[in-house]
Amino acid sequence: MASPPSQNRLTARPLRRLVRPLVAVGTVVALGLIPTAPSSAADLPWAPSYSSGSFNSVTAVSNPDWMNQLPDATGLGQMSIPGTHDTLAIHGGIAPWYWQTQENHGDSADTLTAQLNAGIRAIDIRVRVVNSGTAFAVHHTNVYEHANFDDVLAKARTFLAAHPGETVLMKLAGECGSGPETIGQCVNDPPSTTLDDEARIFQSYIARYPGLFWAPSVTGTAAAQSPTLGQVRGRIVLESFNGAHQPAYGLAGLDTGNISWTECNLDTRWGLLKARLDQLETGSGNTVATTGLSASCPPFGATYADVAGGSMGRQGMNQRLLDYLRATTGNTGIIEMDWPGGQLVGTIIERNVLRRYQLWSSTRNPNGSWTQSAAVPGVEGRSVFTSVGPPVTSLHAQAVAGLPDNRAQIVAVGTAGGLWTATRNTAGAVGAWQALDTPGAQTPTNVAVTGLLDGSALIAAVTPDHGVYVETRRVDGTVGGFQPVPGQSPGSNWSGNAVALAAMPDGSTQVISIGRADGTVYLCVRKADGSWGGWSQVPGFNGEKSFLAHDLAIAALPDGSSQIVALGPDNLVYHQARSASGAYTGFARMGGYGGASIFSATSVSIAGMSDGSSQVVAVGVTGFVYHDARNLDGSWTGWAPIAGPFGSAYTAGSPVSITALPNRQSVVLTTAYSAA
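Residues numbered from 1 in each chain as written. Predicted model: local features only at pLDDT ≥ 70, side-chain atom pairs only at ≥ 80, totals over all residues. Heavy atoms only, no water.

### Brief notes about the overall build of the chain
The condition is simple: In this text, helices come from DSSP runs of H or I with a minimum length of four residues, and strands from runs of E with a minimum of two, each type numbered from the N-terminal end. In this description the radius of gyration comes from C-alpha coordinates, and the expected globular size is given by 2.2 Å times residues to the power 0.38. Categorising residues by exposure relies on relative accessible area from a 1.4 Å probe, with only protein chains included: less than 20% of the type maximum marks a residue as buried, more than 50% marks it as exposed, and the intermediate range marks it as partly exposed. Throughout, a residue-residue contact means that at least one pair of heavy atoms, one from each residue, lies within 4.5 Å. Exposure was quantified through the Shrake-Rupley algorithm and a 1.4 Å probe, taking into account, for residues, occlusion by the shown protein chains and nothing else. The charge count treats Lys and Arg as positive and Asp and Glu as negative. His and the chain ends do not count. Working definition for charges: the position is that of NZ of Lys, CZ of Arg, CG of Asp or CD of Glu.
The helix and strand inventory of the chain stands at 11 helices and 34 strands. For 676 residues, the compact-globule estimate of 2.2 N^0.38 gives 26 Å, and the C-alpha radius of gyration of the chain, at 29 Å, lies within 12% of that figure. Dimensions along the principal axes, computed over C-alpha positions, put the chain at roughly 95 × 50 × 40 Å. When each of the 676 residues of the chain is scored for burial, the buried share is 57%. For the chain, restricting intrachain contacts to residue pairs at least 6 apart in sequence, the fraction spanning at least 24 positions comes to 60%. With an accessible surface of roughly 25,000 Å², the chain has 52% of that area assigned to carbon and sulfur atoms. A distance of 1 Å separates the average location of the 38 positive side-chain charges in the chain from that of its 46 negative side-chain charges.

This is how it looks when you write it as structure tokens:
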């Protein structure tokens, strides 16, 4: 808590009351006056009456290290960064609905810590000069926010020390003037404080917190050019310091958009914001751009919460932004928000990875709950592995397979070329990547993997010339080398467009492939001793003898049966079962999302669970990943979206893979991507 005045602790100096004596709140409102007493004098507890994924739920997500997933060379002006407007305005005196802009997660800048842990990286700090011109206290107009600038810097320093891959962008502004005190305006101590005095006080903080600020942004002589992320990790970047100080502090060439904060018509305001975001989406360069959602129109107009969360039956800016982000791509710059929701914060962060082809994994527990999607660490200590996705290829360039001891084997084609494999341990951590020799020195276009009974893994790859190869990765990590899969006639090799594998309970492996010659689905069996059976066509839909497909997957079940999913030429998801004796049910269309009769998709995968059920994942035509489960009686639970990285409501990516673990968990691997 911010402490009382002392020799070593600053506080806000009490301000003169606008109405003396203090009249009842209802009387003040009736008179059309906005109470401006400092919160230390009267501070009514208040919060909006509801929350959602876009509004009033910032701590619903945890993203303390999201910047660590991005390359050092990423420019700050090339990023999408969630921020808060009036970051510490958590008190509002006797009219908090007009002055409060953020959820209250504690005084003394504890609220800042909560925001940073959620993923907020751009903050807006408003200060009043106090203690006879020696210090800053955090204010929103006349209201002291129970935090001082020391609190802000100490909490930011602690956070950055614990998360050195992050940075924090700070706007610093003097909130008060020289008087006279009027509605919504505070007075500095002393009232004669000048801009040079503010700069002097700020420099004293820089001296007390050496190395905390990125030095080029706080020289006091010239604004800095926008840096790369690698230059500022572990530091605060001063974005700006009051308008008058800007030539000497902060970043040069800031783009603020200049949308009036008093435009409170929700439809009009969103039209202005959307035009602004559309412009930023097509921009380039490294200029830091900020878009403010906030507006407030006292004494009788919309409040900050009304504009953010909605009012009079109209959607607020937060939900409109969330809907916009789900339908578009590209960087947004800094988004300054009031009352942000966790899903909105996560969706802004997610924009930074959607075209980077990063591998992300999530785990579904036996009770149906999910872990938050996490980045798969990359090669040579890089924070994340980048694989190949559309539009480079529409096939599976990554795959995952459960092993008998509840570990999982991952295989992926790297964006820089080459084929790699890594093992995910029982705690979910991914170990070091191992480079695999590629068949004929060709980078595969499609890969598959399955876990064998002895703990080894069988890996398959399709090369650009449509050769299909397999190799075994032994338990000790050694590999046997890729060998071509035999074809239909003696001495020939199989030629296919795609391949999938399923290790069976008897030690054999069922291999399905889309034949190069006719584009239909075939199956053959690799026996436990490594010898091969012959290829046969998999029956099609509605009694047809064959099935044209462009993506497919297969999963084994404990009773020796298997299940196959495939995308037909109509891009619909089809499913069928193969009994232990080899009898097929024929393909049937899977139902759609929300009760629809069909499901259109661009990628599909299936896993057979240890209890005999199965789970399917698919990328819908919207680019989001969905999950469905097949019960033991053959019924389906229905498609549901899988939550995305950083707490966003959806996973955007393609391709997608799924595997089952013996403990009835399933692991989903997605290449983050969006072409929206």
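Back to the text.
### Remarks on the sheet that holds strand S17 (residues 446–451)
Heads up, the rule is: DSSP calls a pair of strands paired once it identifies at least 2 bridges connecting them.
Reading across from one edge, S17-S18-S19-S20 is the order of the 4 strands in this open sheet, with antiparallel pairing throughout. Edge positions in the open sheet fall to S17 and strand S20 (483–484), since each of these has one partner strand only. Where strand S18 (residues 457–462) meets strand S19 (residues 468–473), 6 bridges bridge the pair, whose relative direction is antiparallel. The residue bridging alanine 457 from the neighbouring strand is arginine 473, located in S19.

### Quick notes on the confidence of the model for the chain
Put simply, the test is: Every residue gets a pLDDT, meaning the predictor's confidence in that residue, from 0 to 100.
Of all residues in the chain, 92% have pLDDT values of 70 or greater, and the mean over the chain is 90. Segment residues 1–40 is flagged for pLDDT under 50; beyond a separation of four residues in sequence, or across chains, it makes 88 contacts in the model.

### A look at the sheet that holds strand S24 (residues 536–537)
Read from one edge of the open sheet, 4 strands run S21-S22-S23-S24, paired in antiparallel fashion. Both edges of this open sheet fall to strand S21 (496–503) and S24, since each of them pairs with a single strand only. One ladder, built from 7 bridges, connects S21 with strand S22 (residues 509–515); its direction is antiparallel. Looking across to S22, one finds that leucine 501 is bridged to valine 511.

### Focus on the state of the cysteines
Going by this rule: Note on disulfides: each one is a pair of cysteine sulfur atoms within 2.5 Å.
Evaluated as defined, the whole model comprises 2 disulfides. Here the chain pairs its bonded cysteines, counted in sequence order, in the arrangement 1-2, 3-4.

### Some thoughts on helix H5 (residues 195–208)
What counts, and what does not: Expected span, for any helix, means 1.5 Å times one less than how many residues it has. Throughout, the arc means that of the directions going from the helix axis to the C-beta atoms.
For H5, spanning 14 residues, the distance from its first C-alpha to its last is 20 Å, which sits close to the expected 20 Å at 1.5 Å a residue. Among the residues of H5, those classed as buried are Glu198, Ala199, Ile201, Phe202, Tyr205 and Ile206. Viewed end-on, H5 has its buried residues packed into an arc of 165°, placing them on one side of the element. Among the exposed residues of H5, those oriented more than 90 degrees off its buried face are Asp196 and Ala207.

### Regarding unusual backbone geometry
The linkage connecting aspartate 189 with the following residue, proline 190, adopts the cis geometry, with an omega of 5°. Here proline 190 is to be found in the loop between strand S5 (168–174) and H5. Geometrically, the link from serine 654 to proline 655 is a cis peptide bond, its omega value of 5° lying close to zero. Non-glycine residue asparagine 542 carries a positive phi angle of around 60°. Overall, the relative accessible area of 67% leaves asparagine 542 in the exposed class. One non-glycine residue, phenylalanine 646, adopts positive backbone phi at about 70°.

### Quick look at the pairing of S22
Burial analysis of S22 places 7 of its 7 residues in the buried class, the great majority of the element. Here S22 shows two buried faces, one formed by Thr509, Val511, Ser513 and Gly515 and the other by Gln510, Ile512 and Ile514. Two elements, S22 and strand S23 (residues 521–526), share 6 bridges in a ladder whose sense is antiparallel. Note that in S23 the partner of threonine 509 across the bridge is arginine 526. Between S22 and the antiparallel strand that follows it, S23, lie 5 residues; glycine 519 among them carries a positive phi value of about 75°.

### Considering the environment of proline 539
When you line up the elements, proline 539 lands in the loop between S24 and strand S25 (551–556). Residue classification places proline 539 among the partly exposed residues on the basis of a relative accessible area of 23%. As for proline 539 and glycine 313, which are separated by 226 residues in sequence, their C-alpha atoms are 53 Å apart. Apart from residues no more than four positions distant in its own chain, proline 539 is found in contact with Glu544, Lys545, Phe547, Gln576, Tyr584 and Phe587.

### Looking at the layout of surface pockets
The method is simple in principle: a probe with the dimensions of a water molecule rolls over the atoms, and the space it marks as empty is what remains. Put simply, the rule reads: Grid points spaced at 1 Å and placed over the protein atoms alone form the basis of the search, with a cavity being a set where a 1.4 Å probe fits but cannot get out and a pocket an open set showing protein on both sides within 12 Å along at least five of seven lines. Lining residues have an atom within 4 Å of a point. Grid points are joined across faces, edges and corners, and a volume is the space filled by probe spheres set on the points. Gly counts as polar in this scheme, as do all residues outside two lists: the nonpolar Ala, Val, Leu, Ile, Met, Phe, Trp, Tyr, Cys and Pro, and the charged Asp, Glu, Lys and Arg.
The computed volume of the largest pocket comes to approximately 870 Å³. In terms of lining residues, the largest pocket is bounded by 34 residues, among which His85, Arg126, Lys171, Trp261 and Glu336 are the most central. Looking at the lining of the largest pocket, the elements that each hand over two or more residues are strand S2 (122–130), S5, strand S6 (236–241), helix H7 (242–245), helix H8 (266–281) and strand S7 (290–292). Considering each element in turn, the lining of the largest pocket owes the most residues, 4 residues, to S5. Here the residues of the lining of the largest pocket are counted per class, giving 9 nonpolar, 16 polar and 9 charged. Here the second largest pocket defines a volume of roughly 730 Å³. Along its surface, the second largest pocket is lined by 41 residues, and Thr450, Ala503, Ala556, Thr659 and Ala660 are the ones closest to its centre. Mapped by element, the contributors of at least two residues to the lining of the second largest pocket are strand S13 (398–402), S17, S21, S25, strand S29 (601–608) and strand S33 (653–660). Broken down by class, the residue content of the lining of the second largest pocket amounts to 31 nonpolar, 10 polar and no charged.

### Notes on the packing of H8 against helix H10 (residues 317–327)
This is how the line gets drawn: All axes here are fitted lines through C-alpha atoms, helices being fitted over the stretch that makes contact, and every angle between N-to-C directions spans 0 to 180 degrees. In this scheme the crossing of two helices becomes right-handed for a clockwise turn of the near helix relative to the far one and left-handed for an anticlockwise turn of less than a right angle.
Relative orientation of the contacting elements H8 and H10 amounts to 35°, with a least axis distance of 11 Å. In terms of crossing hand, the pair formed by H8 and H10 is right-handed. In this structure, H8 uses Leu266, Asp267, Arg269, Trp270, Leu273, Lys274, Leu277, Asp278 and Glu281 to contact H10, whose residues at the interface are Met317, Arg320, Leu321 and Tyr324. Class assignment of the residues belonging to the contact of H8 with H10 gives a composition of 7 nonpolar, no polar and 6 charged.

### Here we look at the nonpolar core
Threshold: The set of buried Ala, Val, Leu, Ile, Met, Phe, Trp, Tyr and Cys residues whose side-chain atoms join them within 4.5 Å is what this entry labels a nonpolar core.
Among the nonpolar cores identified, the biggest contains 85 residues, and Ile125, Phe149, Met170, Leu172, Phe202 and Leu321 are the most heavily contacted of them. Each residue touching phenylalanine 202, except ones within four places of it in the same chain, is listed here: Phe136, Phe149, Leu172, Phe213, Val218, Leu238, Phe241 and Tyr249. Counting residues in each nonpolar core, the second largest holds 20 residues, with Ala498, Leu523, Ala549 and Leu572 among its members.

### Observations regarding the environment of serine 610
Keep this limit in mind: Pairing of N or O atoms within 3.5 Å defines a polar contact, subject to two protein rules: one partner must be a possible hydrogen donor and the other a possible acceptor, and residues neighboring in sequence count only if both atoms are side-chain atoms.
Within the secondary structure, serine 610 sits in the loop between S29 and strand S30 (614–620). Note on serine 610: relative accessible area 40%, which makes it partly exposed. In the structure, serine 610 is positioned 52 residues away from proline 662 in sequence and 5.7 Å away in space, judged by C-alpha atoms. Setting aside residues no more than four positions away along its own chain, serine 610 makes contact with Pro558, Pro662 and Arg664. Only 3.2 Å separates the side chain of serine 610 from the backbone oxygen of proline 662, close enough to count as a polar contact.

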